[in-house]
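# Geometric and topological summary
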2 protein chains.
Amino acid sequence: MLNYSRLKSTSLNKMKSNYANRGLGLECDINLANEYYRINDIAYVYKKPTPIKLVDVDYKSGKIKEAYFQTPSTTDYNGIYKGKYIDFEAKETKSKTAFSLSNIHEHQIKHLINVKKHGGVSFIIVRFTALNETYFLSTDNLEQFIKNYERKSIPLNFFKQYGKIIKTKYNPRIDYLEVINTLYFGGNYHDEKKN
Amino acid sequence: MLNYSRLKSTSLNKMKSNYANRGLGLECDINLANEYYRINDIAYVYKKPTPIKLVDVDYKSGKIKEAYFQTPSTTDYNGIYKGKYIDFEAKETKSKTAFSLSNIHEHQIKHLINVKKHGGVSFIIVRFTALNETYFLSTDNLEQFIKNYERKSIPLNFFKQYGKIIKTKYNPRIDYLEVINTLYFGGNYHDEKKN
């Protein structure tokens, strides 16, 4: 007989572990970078809160007693840099060879394409945790991959060829605006800070 | 003796009622306008989810069992229109004569100013529900009021003089982009839709 209680417990642990590892290292680095950008008046980029469906709220104490996570309608991060609208999604993968597209919802990819079409800067940031390498991939390149390949995951080599590596620095730990600056503004923002 | 239980119950009803009336009419109109803009590929503006502090989550069922509302770090709405970063806060007031600034957190006003400084279009939308009038007020004008007046609330006349009224239409019910178009792009977006 199948040990159902053991199965449930394993599944529970897996979910806990999935949740705990759900890109918190990268998320943390990006939040710190955004804080650095704000403090230095370079850019205003924020992580959107996770959407939650409220079921039971005690309005007296302000306590939410029952609620559920919802699928986000858009990407996790957006904001403004040098007058440009910035929009991106960030994900970690444990794989050493490829990033599975199942990590990004289809409507999120559609959103990134819409932003690009309307003149914004949109992209994904993907960290290969086992290699400790973090890549910037523009929506143009992401679209190019989806159109030209039938594979459901983007090989590391595609990131190496078409993406840009985001170097790990002291502060901010991942300076993704440096890449945006090279690609879209042709310069180093540290030398040309605006008022 | 003070009837404590009655007091508590009244207070609870008041909170419930406050919550229920917390600008849902205006919020609903803006959400519908944003949906209209997205469907017609005019602009991509979304309401940010309310930030919530999780205390107790059952990862097995995905049920949030204890959580609390947090103060948002930024404004409620942002997105992209004609390549421009758009950022605003929307509030309703029952007053017929003035809008109290206590409705907007100080860090939200600071955020609107930062967005403006960095080349974005930032503003507030205020609805006087008793008058059924909805106003657009740019961050420039909001700053002007805060700098020049010691009052803690903006009189309706200030909105009439410096703001723009947002007309109620059939669809979208409040077409706030029409105002942005007049103020920042000098035209009517219906005639010049981009690809």
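Here the structure is a predicted model, which means the values were calculated and not measured. (Residues numbered from 1 in each chain as written. Chains lettered and ligands numbered in written order. Predicted model: local features only at pLDDT ≥ 70, side-chain atom pairs only at ≥ 80, totals over all residues. Heavy atoms only, no water.)

### Considerations on the relation of the copies chain A and chain B
When chain A is brought onto chain B, the operation consists of a screw motion whose angular component is 180 degrees and whose axial shift is 0.0 Å, with 0.0 Å RMSD remaining. The transformation relating the two chain copies, once decomposed into turn and shift, fits a two-fold axis. A share of 100% of interface residues in chain A that are also interface residues in chain B marks the association as one of identical surfaces. (Least-squares fit on C-alpha atoms with pLDDT ≥ 70 in both. Contact = heavy atoms within 4.5 Å.)

### Some details on the side chain of Asp29 of chain B
All names here are of chain B. When you line up the elements, Asp29 lands in helix H2 (residues 24-39). Residue Asp29 is classed as buried on the basis of its relative accessible area of 5%. In terms of polar contacts, Asp29 uses its side chain to reach the side chain of Arg173, at 3.1 Å. Residues within four places of Asp29 in sequence aside, it is in contact with Arg127, Arg173 and Ile174. (Helix = DSSP H or I, 4+ residues; strand = E, 2+ residues; numbered from the N terminus. Buried < 20%, exposed > 50% of the residue type's maximum accessible area, 1.4 Å probe, protein only. Polar contact = N/O pair within 3.5 Å; in protein donor to acceptor, adjacent residues only side chain to side chain.)

### Here's the deal with the environment of Gln144 of chain B
Residues and elements named next belong to chain B. Residue placement: Gln144 occurs in helix H4 (residues 139-148). Judged by relative accessible area, Gln144 falls into the partly exposed class, the value being 23%. In sequence terms Gln144 and Val57 are 87 residues apart; their C-alpha atoms lie 46 Å from each other. Beyond its immediate chain neighbours, meaning those up to four positions away, Gln144 contacts Phe158 and Tyr162.

Purely geometric stuff here, so don't read any function into it on its own.
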